[in-house]
Amino acid sequence: MKNSLALVLVLAAASQAHAEIGYRVQPQPDTSQLAITVTIPTRAAETLVQMPNWSPGHYMLQNNGARVKDLVATDRDNKPLEVTAVDDHTWKIPSAGTKQVTLRYSAPLEFQNGIGHYSGPTTYLYVVGRTQERCKLTLETPKDWKVAVGLDGNGPSYKTDSYDTLADNPVTLGSYYEETYKVAGKQHIIALRGAAADKIDKKLLRETCETVSKIETEFMGGAPYGKYVWHFTVRSAGMGGSGLEHLSSTEISLGSGFSRRTASLLAHEFFHLWNVKRVRSQVLGPFDYTQLPKTGALWWLEGTTDYFSTMLLGRFGWTPEQELYNEIASNVRRQRRSPARLTVSPNESSARVGETNNGRGNSNGFGLSYYDDGFVVGLCLDLELLAKTNGKRSLDDVEFALWKKCRNNQPGFVEDEIRKQLIVAGGESFGPLYDKLVLSPGELPVEQALSYVGLELAERGEIRSVATPSEEQLRLRKLWLAKKR
Ligand SMILES: [Zn+2]
């Protein structure tokens, strides 16, 4: 009996370990809703479920609890369980002895012209204290529907290692326009929807996506995902767009006037596969969905991401040299237009973003934009490193060192890690330099940084070559603009 009991215990432990939290999602096109069923194996006397108060990547509070409608719960025998709202995004269900709680509710689905789209944090409830347990998503769609989601597998069921992974993979489904290509041995899917999806230059869009994937996976040394999905929605007006990064996909809203220059937006979002999604502060995964994360590194994660993605398009030949200078110059002009740069540091702009908008946060920064500031700080640090190490080191080395620390599901970095890696790359003087550029407000030394490569800011803020650059300046400029340094 002793052995049998041990065996029973082992089996019980195994079945507990294999139990996963199930999510069944059925689109209801007629009502633009999703019918969602969550199956929760449980041994707790009470089960608490919540909707995230924010979506990773958007540093602002959302009222996602209000999206949950008609929430009901049943036990394993399908008997009703009482659901009590604890606050506007939390519910409790008595679950003593039930072993399994099943929740049913509906949440909004964006649905137009036969195409649906939804994102995870605004749709999926999670079980409090159990976001790191495995989940299984089953998408129940009509047979002729296509499905684009960055999760591994071909559906209709997808297994994930955690709620975080489930929630960080938005879904496009139905009769959307699809293109696929392979880069770095991985499948990439373009899923296009929106009022003006027919108007966009699809050949150019595909060429841009493919080029961006090639450039950045080559630069970072591989593709850290199973497959990747570009979820595009196309508006009828405008040229530019906006995007939100995810673990193995992105959601991008584009104007139908998409041009080669829009590549910078795509390159920015794709570079988030590393910065933010993997190379990240520790608070950026695993997530606490109840409150906005606080990190002083958004200038790097957003602004320096923008610097890298902009530079890589130039270094790999997509953006012509003068156009690259123009883009750098327009960033510098934007940054210098903000008087707050003299009173707010990049670190403070990042760390205090949650205080803006009456404590609801924004996606741009406290006082000034961590995008503009982080871009210019990245430029200054990159050129300082090249100059002080005689061209042997650059900001590439700092990015690669951070990647080495964070890759393969390692925890994110601690707050002074970027400073530490700058010192490793450039020597002790980079500690005080970091403190000056990142931790203190003040004018960033753009003129000095550009002078190392024989460039200058002209009167109207454009960047041009000095009249007679030295050989050393030209050598460093060549390195700065090289694919591989
Ligand atoms: Zn971004």
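The paragraphs below set out a description of the structure included in this document.

Parameters and conventions
Residues numbered from 1 in each chain as written. Predicted model: local features only at pLDDT ≥ 70, side-chain atom pairs only at ≥ 80, totals over all residues. Heavy atoms only, no water. Donors = N, O, S within 2.8 Å, 3.2 Å for Na, K, Ca; no water. Helix = DSSP H or I, 4+ residues; strand = E, 2+ residues; numbered from the N terminus. 1 Å grid on protein atoms, 1.4 Å probe; cavity = no way out; pocket = protein on both sides within 12 Å on 5 of 7 lines; lining within 4 Å. Points joined across faces, edges and corners; volume = space filled by probe spheres on them. Pairing = 2+ DSSP bridges. Buried < 20%, exposed > 50% of the residue type's maximum accessible area, 1.4 Å probe, protein only. Right-handed = clockwise from strand over helix to strand, strands pointing away. Polar contact = N/O pair within 3.5 Å; in protein donor to acceptor, adjacent residues only side chain to side chain. Contact = heavy atoms within 4.5 Å. Arc of directions from axis to C-beta.

What follows is about the coordination of the zinc ion. Every protein donor of the zinc ion is accounted for by His-268 (NE2), His-272 (NE2) and Glu-302 (OE), and the metal-donor separations fall at 2.0 to 2.1 Å. Counting residues between consecutive donors of the zinc ion along the chain gives the motif H-x3-H-x29-E. Of this pair, His-272 sits in the loop between helix 4 (263-271) and helix 5 (298-315) while Glu-302 is found in helix 5, placing the two residues 30 residues apart along the sequence.

We now examine empty space enclosed by the protein. Per the stated rule, a full pass over the model turns up one cavity of 30 Å³ or more. Each pocket or cavity is described by its volume, and for the largest cavity that value is around 30 Å³. Lining the largest cavity we find Gln-335, Arg-341, Val-344, Pro-346, Asp-373, Leu-437, Ser-440, Pro-441, Gly-442 and Leu-444.

Before going further, it helps to examine the sheet that holds strand 1 (residues 21-28). Reading across the sheet, the seven strands line up as 5-4-8-2-1-12-14 and stay open at both edges, with mixed pairing between neighbours. Of all strands in the sheet, those with a lone pairing partner are strand 5 (80-81) and strand 14 (157-160), marking the two edges. Bridge count between strand 2 (residues 33-41) and strand 8 (residues 100-108): nine bridges; the pairing is antiparallel. The residue of strand 8 that forms the bridge with Pro-41 is Gln-100.

This part covers the pairing of strand 18 (residues 227-235). Counting buried positions over the nine residues of strand 18 gives seven, a clear majority of the element. Direction of pairing for strand 17 (residues 186-193) relative to strand 18: parallel, over a ladder of seven bridges. Pairing of Ile-190 across the sheet is with Trp-230, part of strand 18. Note that the unit made of strand 17, helix 3 (residues 202-220) and strand 18 has a crossover that is left-handed. As paired strands, strand 18 and strand 20 (residues 249-255) are joined by seven bridges and run parallel to one another. In the strand pairing of strand 20, Trp-230 is matched with Thr-250.

Before going further, it helps to examine the environment of Ala-458. Relative to the elements of secondary structure, Ala-458 occurs in the loop between strand 21 (455-457) and strand 22 (463-465). Distance in space between the C-alpha atoms of Ala-458 and Tyr-177 is 46 Å, their sequence separation being 281 residues.

Quick look at the side chain of Ser-394 now. Checked against the element boundaries, Ser-394 lands in the loop between helix 9 (370-388) and helix 10 (395-406). You can call Ser-394 buried: its relative accessible area is 2%. Separated by 3.1 Å, the side chains of Ser-394 and Arg-485 make a polar contact. Leaving out residues up to four positions away in the same chain, Ser-394 has contacts with Asp-382, Leu-385, Leu-386 and Arg-485.

Looking at helix 12 (residues 430-439), one finds that the buried residues are Phe-430, Gly-431, Leu-433, Tyr-434, Leu-437 and Val-438. The arc that holds every buried residue of helix 12, seen down its axis, measures 155°, which confines them to one face. What points out from helix 12, more than 90 degrees from its buried face, is the exposed set Pro-432 and Lys-436. Tucked inside the fold, the buried residues of helix 12 contact helix 5, helix 7 (346-351), helix 9 and helix 11 (417-426).

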